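Listed here are the chains, written in short residue letters.
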Amino acid sequence: MPDDSAPRIPPARRPAEPPGRAAGRAPARALRSAADLLAAGLLPAAQAAAAEAVAARYAIAVTPAAAALIDPADPADPIARQYIPDAAELVTAPWEIEDPTADAPFTPVRGIVHRYPDRALLKPLLACPVYCRFCFRREVVGPDGGLLTEAELEAALAWLAAAPAIREVILTGGDPLMLSPRRLAWLVERLSAIPHLDLLRIHTRVPVADPARLTPDLVAALDTPKGLFVCVHANHAREFTGEAPAALRRLIRAGIPLLGQSVLLRGVNDSEAALEALFRAMLRHRVKPYYLHQLDPAPGTARFAVPEAEGLALLARLRGRIGGHGLPAYVKERPAGGGKVPVAASG
Ligand code: SF4
């Protein structure tokens, strides 16, 4: 099977470019409501009322680039499954919780999460280019929320400056590449001026979900004398087609090393073929597969859950088929904010 194959699409319908939509047929702007999705042909009319009910609780956004990757004729399309709302989101399973990674108790000042001795998260905003239906921060992300005020950002920077044990800041959110180039450059410069910081890491979906946003100006904003990694969140090989490779090349040409992080998701990448295609696509685009996350139990996400034993078996079967540099660490969050640990057979 070719590396970039989409396992749910028969080979005869597997073009090099995104399926389903001829060039120019992608929507001109992000789709942000059930009505938008219906008009774009990405939501069956029978599901429109349920999608509206979901939208009242959780944000929706599908960028033109993400929409162009969806095959509307495939009811099991793995890209659509990540972004198109479903009535199942309104059902909270007994084990699901609002803050599954327990950010809140580890937040000393707004925007900072401090869970490990040498690292801290900085969440400058909670907006994203797309809103993933399985998101572990789905109760807080959205286009209207979470932008730190000037005073809050100064307080977060002051907290980092006063914490000499912190060596690495992980910019997350939301998606930090949703900041304007000017704002991002300012933030990177301020972080770069903190002497004890060695490394900045930026967790983002922008290169694959909204590659047009990754302009030369935005890439230039990441210039720093510190170490800097961009960690790209992608869950399916098809996310590395379309405009994404060019966006990734812009980062590579700027000398920025790329890591890949994915979530193991039922109906998206829960097969040996899908994971192999995903990891090979990352390698081909100079993205080192870094983490494969076990799904966090956020409300209304049970349809994406894959048991740990199944995930371990999938990765065991991939070992030997793909070089060690192509296999990410399979990790999960411990309950109550205990941090990440490897998924193990006994776990
Ligand atoms: S991009 Fe990340 S933070 Fe934003 S909705 Fe998707 S998983 Fe959540």
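The rules behind these values
Residues numbered from 1 in each chain as written. Predicted model: local features only at pLDDT ≥ 70, side-chain atom pairs only at ≥ 80, totals over all residues. Helix = DSSP H or I, 4+ residues; strand = E, 2+ residues; numbered from the N terminus. Rg over C-alpha atoms; globule rule 2.2 N^0.38 Å. Buried ≥ 20, exposed ≤ 12 C-beta atoms within 10 Å, placed from the backbone. Contact = placed C-beta atoms within 7 Å. pLDDT = per-residue confidence, 0-100. Arc of directions from axis to C-beta. Pairing = 2+ DSSP bridges. Axes fitted to C-alpha atoms, helices over the stretch in contact; angles between N-to-C directions. Core = buried A, V, L, I, M, F, W, Y, C linked by C-beta atoms within 7 Å. Near = placed C-beta within 6 Å. Nonpolar A, V, L, I, M, F, W, Y, C, P; charged D, E, K, R; others polar. Parallel < 35°, antiparallel > 145°, perpendicular 65-115°, else oblique. Left-handed = near helix turned anticlockwise from the far one by under 90°. Expected span 1.5 Å × (residues − 1). Right-handed = clockwise from strand over helix to strand, strands pointing away.

Let's talk about the overall build of the protein chain
For step 1, the next point in the chain: When you go through the protein chain residue by residue, the secondary structure sums to 11 helices and nine strands.
For step 2, the next point in the chain: Against the 2.2 N^0.38 benchmark of 20 Å for 347 residues, the protein chain shows a C-alpha radius of gyration of 19 Å, consistent with a compact globule.
For step 3, the next point in the chain: Judged by the C-alpha coordinates and their principal axes, the protein chain covers about 55 × 45 × 45 Å.
For step 4, the next point in the chain: Within the protein chain, buried positions represent 43% of all 347 residues.
For step 5, the next point in the chain: Excluding contacts between residues fewer than 6 apart, the proportion of contacts in the protein chain whose partners are at least 24 apart in sequence is 80%.

Brief notes about the confidence of the model for the protein chain
For step 1, the next point in the chain: Mean pLDDT over the protein chain: 92, with 92% of residues reaching 70 or higher.
For step 2, the next point in the chain: Contacts for the low-pLDDT stretch residues 1-24, under 50 throughout, to residues beyond four places or in other chains number 44 contacts.

What to know about unusual backbone geometry
For step 1, the next point in the chain: Across the junction of Gly-173 and Gly-174, the peptide omega takes the value 10°, indicating a cis bond.
For step 2, the next point in the chain: Although it is not a glycine, Ala-102 sits at a positive phi angle of roughly 55°.
For step 3, the next point in the chain: Within the element layout of this structure, Ala-102 appears in the loop between α4 (80-83) and β1 (112-116).

A closer look at helix α9 (residues 244-253)
For step 1, the next point in the chain: Of all the residues in α9, the buried ones are Ala-244, Ala-247, Leu-248 and Leu-251. Buried residues of α9, viewed axially, fall in a sector of 100°; they line one side. Across from the buried face of α9, at angles greater than 90 degrees, the exposed residues are Ala-246 and Arg-253.
For step 2, the next point in the chain: Of the residues trailing α9, Gly-255 is marked for its positive phi of about 80°.

Here's the deal with the sheet that holds strand β3 (residues 168-171)
Hydrogen bonds along the backbone pair up the strands of a sheet, which may run parallel or antiparallel.
For step 1, the next point in the chain: Strand order in the open sheet formed by nine strands is β1-β2-β3-β4-β5-β6-β7-β8-β9, and the pairing between neighbours is mixed. At either end of the open sheet lies a strand with only one pairing partner, and these are β1 and β9 (339-342). The mean angle between the axes of side-by-side strands here comes to 30°, regardless of whether they run parallel or antiparallel.
For step 2, the next point in the chain: As defined by bridge partners, strand β8 (residues 329-334) adjoins β9 across four bridges and the pair is classed as antiparallel. By the bridge assignment for β9, Val-331 is matched with Pro-342.

Let's talk about the pairing of β1
For step 1, the next point in the chain: Where β1 and strand β2 (residues 119-122) come together, three bridges link them in antiparallel fashion. Paired with Val-113 across the bridge in β2 is Leu-121.
For step 2, the next point in the chain: Counting the residues in the hairpin turn of β1 and β2 gives two residues.

Looking at the environment of Leu-258
For step 1, the next point in the chain: Mapped onto the fold, Leu-258 is located in strand β6 (residues 258-263).
For step 2, the next point in the chain: For Leu-258, a count of 18 C-beta atoms within 10 Å corresponds to the partly exposed category.
For step 3, the next point in the chain: A C-alpha to C-alpha distance of 9.8 Å links Leu-258 and Arg-201, two positions 57 residues apart in sequence.
For step 4, the next point in the chain: Excluding its chain neighbours within four sequence positions, the residues that come into contact with Leu-258 are Val-230, Val-232, Leu-248, Leu-251, Ile-252, Arg-286, Val-287 and Lys-288.

Considering the nonpolar core
For step 1, the next point in the chain: If you look at the biggest cluster of nonpolar residues, it comprises 90 residues, and the most contacted ones within it are Val-62, Ala-66, Val-130 and Tyr-131.
For step 2, the next point in the chain: Counting residues per element, this core draws most heavily on helix α10 (residues 272-284), which supplies seven residues.
For step 3, the next point in the chain: Residues contacting Val-62, with those up to four places away along its chain left out, are Ala-30, Leu-31, Leu-37, Leu-42, Ala-67, Tyr-83 and Val-130.

As for the site of the ligand
For step 1, the next point in the chain: With respect to spatial proximity, the complete set of residues near the ligand consists of Cys-128, Tyr-131, Cys-132, Cys-135, Arg-137, Val-141, Gly-173, Gly-174, Asp-175, Arg-205 and His-233.
For step 2, the next point in the chain: Considering only residue class, the shell around the ligand consists of five nonpolar, three polar and three charged.

Considerations on the packing of α10 against helix α11 (residues 308-318)
For step 1, the next point in the chain: Across the interface, α10 lies against α11 with an axial gap of 10 Å and an inter-helix angle of 60°. Taken together, the axes of α10 and α11 lie oblique to each other. In this structure, the crossing between α10 and α11 has a hand that is right-handed. Facing α10, whose interface residues are Glu-272, Leu-275 and Glu-276, α11 presents Leu-314, Arg-317 and Leu-318.
For step 2, the next point in the chain: Residues that form the contact of α10 with α11 fall into these classes: three nonpolar, no polar and three charged.

A look at α10
For step 1, the next point in the chain: Over its 13 residues, α10 runs 18 Å from end to end, which matches the ideal 18 Å to within 8%, given 1.5 Å per residue.
For step 2, the next point in the chain: Contacts from the buried residues of α10 go to β6, β7 (287-293) and α11.
For step 3, the next point in the chain: At the exit of α10 stands Arg-286, carrying a positive phi of roughly 65°.

Some thoughts on the pairing of strand β4 (residues 199-204)
For step 1, the next point in the chain: Strand direction decides the pairing type here: β3 and β4, joined by four bridges, are parallel. For Val-169, the partnering residue across the bridge sits in β4 and is Leu-200.
For step 2, the next point in the chain: For the crossover that starts at β3, traverses helix α6 (residues 181-192) and ends in the parallel β4, the hand is right-handed.

Thoughts on the environment of Ala-209
For step 1, the next point in the chain: Assignment of secondary structure puts Ala-209 in helix α7 (residues 206-209).
For step 2, the next point in the chain: Accessibility expressed as a C-beta count within 10 Å gives 29 for Ala-209, which makes it buried.
For step 3, the next point in the chain: When the C-alpha atoms of Ala-209 and Val-62 are compared, they prove to be 8.3 Å apart, with 147 residues separating the residues in sequence.
For step 4, the next point in the chain: Non-local contacts of Ala-209, meaning those with residues more than four positions away in its chain, are made with Thr-63, Ala-65, Ala-66, Pro-129 and Val-130.

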